[in-house]
Amino acid sequence: MAGAPPSYSFVAFPPRTKDGLVVFGKNSARPRDEVQEVVYFPGADHEPESKVECTYISIDQVLRTHAIVISRPAWLWGAEMGANEHGVCIANEAINAREPAAETEALLGMDLVRLGLERGATAKEALDVIVSLLEEHGQGGNYYEDASSCHSFQSAYLLVDREEAWALETVGKYWAAEKITEGVRCICNRLSLTTKMDAEHPELRAYAQSQGWWTGEDEFNFSQVFSPADDLPDCCAGKDSLEKQEESITAQTMINILRDKASGICIDSDSFLTTASIVSVLPQRKSSPCIHYFTGTPDPSRSIFKPFIFVDDVKLVPKAQSPCFGDDDPAKKEPRFQEKPDRRHELYKAHEWARAVIESDQEQGRTLRKTMLELEKQGLEAMEEILSSPDPPDSAEMADLFYDCVDTEIKFFK
């Protein structure tokens, strides 16, 4: 079983952050050639006893799902990361644990991110949704679009809202969680919970004892009990980057951290790449909107973070969405993944050109990157004005916000 790629999710709370904001961020480390799309789904009512088709299995649908915006590998149903209309953000990390993850198709960790966002109006509600679905359906199946071997992982989650965050780590149907209301927190592709657990599966400790992993006499330390023998828990690259920030942490601070290749937070290796990133700003003042910045493109150091705000009638952005292959999609047919269709969307294709220029031509690349950062800065400054204003933003303008940013970026690359 290959190790999970190094991937990081972060949250920072006041007073470490500026202006009473909660700041959330994640880099999604995935196979280099995988395309991620950014998709908005409006809130919806569903028929009683209807089903929802997740990546591999169908489960019972709920009567009402919240509006969500997600960044996801284009071949699957779930999400690597995203947000909902209530200011809940969730990120998922693939992790290795002492107990190998099931290869049997069940819910993916990424399916549970989307289900948590669609059904939870707070971080804790979303956590309750995820653990109850884990209990009912289990987790398992291939994390990658790969016919040659099954890459299955256990899952960790960072669930954040305007008031608190939860670090949730799962092994099969068993889980533990820690509540966070201050300071900074990072989760990565290794178990991080130790002896402070604010919620846990009722049979967690009995199960650990039955496996011979815990005597029942020592203090119960989740990561020591459930980590592989050769894997010492360590997310220090991410934690250090956040903790050493001397100034107040802002959206820009989080973006800079996600762009940091030297620390390994922004992965760019032979097999893996940061294929998409998100930064969210959640004001603790309820009258201010939450703002979510998505790249929709690989390598945040060569991408533009573009803002999204939930309002009624958000304009869909087909240029950041991959082609749909319906029932003919090789990910939906068994045996799966016999072919790999071209899933690149218009934004991804335009960005490929920009990445090639930045890599090949020093002078033109430097100029291009400078202009990209200038475009991004304009967006960040406009959003800061919205947050500092006593008046709510113009809904019609916000409905087109992400669409306009994507459109501008594509035109700029052309």
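Computed from a prediction, not measured in an experiment: that's the story for all the values here. (Residues numbered from 1 in each chain as written. Predicted model: local features only at pLDDT ≥ 70, side-chain atom pairs only at ≥ 80, totals over all residues. Heavy atoms only, no water.)

Caption draft 1: Representation of the overall build of the protein chain within the structure. Each helix and strand in the protein chain was counted, giving ten helices and 18 strands. Here the C-alpha atoms of the protein chain give a radius of gyration of 20 Å, agreeing with the 22 Å that 2.2 N^0.38 yields for 414 residues. C-alpha atoms of the protein chain, sized along the principal axes, occupy 60 × 50 × 50 Å. Taking all 414 residues of the protein chain together, 58% fall into the buried category. A sequence separation of at least 24 residues applies to 68% of the contacts in the protein chain between residues at least 6 apart. Counting only carbon and sulfur atoms, one obtains 46% of the accessible surface of the protein chain, whose full area is about 17400 Å². The averaged location of the 71 negative side-chain charges in the protein chain is 4 Å from the averaged location of its 43 positive side-chain charges. (Helix = DSSP H or I, 4+ residues; strand = E, 2+ residues; numbered from the N terminus. Rg over C-alpha atoms; globule rule 2.2 N^0.38 Å. Buried < 20%, exposed > 50% of the residue type's maximum accessible area, 1.4 Å probe, protein only. Contact = heavy atoms within 4.5 Å. Areas by Shrake-Rupley, 256 points an atom, 1.4 Å probe, with all protein chains shown as cover. Lys, Arg positive; Asp, Glu negative; His and termini not counted. Charge placed at Lys NZ, Arg CZ, Asp CG, Glu CD.)

Caption draft 2: Representation of unusual backbone geometry in the model. Put simply, Pro 14 and Pro 15 share a cis peptide bond, and its omega is 5°. One can find Pro 15 in the loop between strand S1 (8–12) and strand S2 (21–31). A cis amide bond links Glu 334 to the next residue, Pro 335, at an omega of -5°. Checked against the element boundaries, Pro 335 lands in the loop between strand S18 (306–308) and helix H7 (346–360). The phi torsion at Glu 49 lies on the positive side, around 65°, for a residue other than glycine. Along the chain, Glu 49 turns up in the loop between strand S4 (44–45) and strand S5 (51–53). Positioned with a positive phi, Asp 313 is a non-glycine residue whose angle comes to about 60°. Relative to the elements of secondary structure, Asp 313 occurs in the loop between S18 and H7. Asp 313 sits in the exposed class, given a relative accessible area of 69%.

Caption draft 3: Representation of the sheet that holds strand S13 (residues 174–180). Taking strand neighbours across the sheet as the criterion, the eight strands line up as S3-S8-S9-S10-S11-S12-S13-S15 in an open arrangement whose pairing is antiparallel. Two strands bound the open sheet, and with one partner strand each, they are strand S3 (36–41) and strand S15 (199–200). Pairing analysis gives seven bridges linking strand S10 (residues 89–95) to strand S11 (residues 154–160), with the strands arranged antiparallel. For Ile 90, the partnering residue across the bridge sits in S11 and is Leu 159. (Pairing = 2+ DSSP bridges.)

Caption draft 4: Just the nonpolar core, in detail. Phe 10, Val 160, Phe 220, Phe 222, Phe 226, Val 279 and Tyr 293 are the most contacted members of the largest nonpolar core, which has 88 residues in total. In terms of residue count, the dominant contributor to this core is helix H8 (residues 362–388) (six residues). Counting 46 residues, the second largest nonpolar core, distinct from the first, contains Ile 59, Ile 90, Val 113 and Ala 177. (Core = buried A, V, L, I, M, F, W, Y, C linked by side-chain atoms within 4.5 Å.)

Caption draft 5: Geometry of the confidence of the model for the protein chain. Confidence in the prediction for the protein chain averages 95 pLDDT; 98% of positions are at 70 or higher. For the protein chain, the element scoring lowest by mean pLDDT is helix H5 (residues 236–243), at 74; helix H1 (residues 109–119) scores highest, at 99. (pLDDT = per-residue confidence, 0-100.)

Caption draft 6: Looking closely at the pattern of salt bridges. The full count for this structure, using the stated rule, is 33 salt bridges. The shortest N-O distance in the salt bridge between Asp 268 and Lys 261 comes to 3.0 Å. Each of the salt bridges in this network shares a partner with another, and the network as a whole consists of Arg 32, Lys 261, Asp 268, Asp 299, Arg 302 and Glu 359. (Salt bridge = Lys/Arg side-chain N within 4 Å of Asp/Glu carboxyl O.)

Caption draft 7: Representation of H8 within the structure. The terminal C-alpha atoms of H8 lie 38 Å apart, and with 27 residues this matches the ideal 39 Å at 1.5 Å per residue to within 8%. Those residues of H8 lying buried are Gly 365, Leu 368, Met 372, Glu 376, Gly 379, Leu 380, Met 383, Ile 386 and Leu 387. (Expected span 1.5 Å × (residues − 1).)

Caption draft 8: Quick peek at H1. Taking burial as the measure, the eleven residues of H1 include eleven buried ones, the bulk of the element. Turning to H1, its buried residues number three or more, namely Gly 109, Met 110, Asp 111, Leu 112, Val 113, Arg 114, Leu 115, Gly 116, Leu 117, Glu 118 and Arg 119.

Caption draft 9: Region of interest: the packing of H7 against helix H10 (residues 401–413). Running from N to C, H7 and H10 point in directions that differ by 40°, and their axes come no closer than 9 Å. In this view, H7 runs oblique relative to H10, as classed from their interaxial angle. Considering the relative orientation of H7 and H10, their crossing is left-handed. Along the contact surface, H7 presents Glu 346, Leu 347, Ala 350, His 351, Trp 353 and Ala 354, while H10 presents Val 406, Glu 409, Ile 410 and Phe 413. Considering only residue class, the contact of H7 with H10 consists of seven nonpolar, one polar and two charged. (Axes fitted to C-alpha atoms, helices over the stretch in contact; angles between N-to-C directions. Parallel < 35°, antiparallel > 145°, perpendicular 65-115°, else oblique. Left-handed = near helix turned anticlockwise from the far one by under 90°. Nonpolar A, V, L, I, M, F, W, Y, C, P; charged D, E, K, R; others polar.)

Caption draft 10: Expanded view of the packing of aromatic side chains. Scanning all chains against the criterion turns up 17 aromatic pairs. Here the aromatic rings of Tyr 40 and Phe 310 are separated by 6.3 Å at their centres, their planes lie at 55°, and the arrangement is tilted. Of this pair, Tyr 40 sits in strand S3 while Phe 310 sits in the loop between S18 and H7, and the two are 270 residues apart along the sequence. Seen from their ring centres, Tyr 207 and Trp 213 are 6.1 Å apart, and the 90° between their planes marks the pair as edge-to-face. Judged by its relative accessible area of 16%, Tyr 207 is buried. Residue Trp 213 is classed as buried on the basis of its relative accessible area of 19%. Taken together, the aromatic side chains of Tyr 40, Phe 294, Phe 308, Phe 310 and Phe 402 make up a single cluster linked through ring pairs. For Lys 124, the ring lying beneath its charged end belongs to Trp 166, and the centroid distance is 5.7 Å. (Phe/Tyr/Trp six-rings, centres within 6.5 Å; stacked < 30°, edge-to-face > 60°. Lys NZ or Arg CZ within 6 Å of the ring centre and 35° of its normal.)

Caption draft 11: Expanded view of the pairing of S13. Burial runs high along S13: six of the seven residues are buried. Relative to S13, strand S12 (residues 165–171) runs antiparallel, the two being bridged by seven bridges. Looking across to S13, one finds that Ala 167 is bridged to Glu 178. Counting the residues that bridge the hairpin from S12 to S13 gives two residues, and of these Gly 172 lies at a positive phi of roughly 60°. The pairing of S13 with S15 spans two bridges and is classified as antiparallel.

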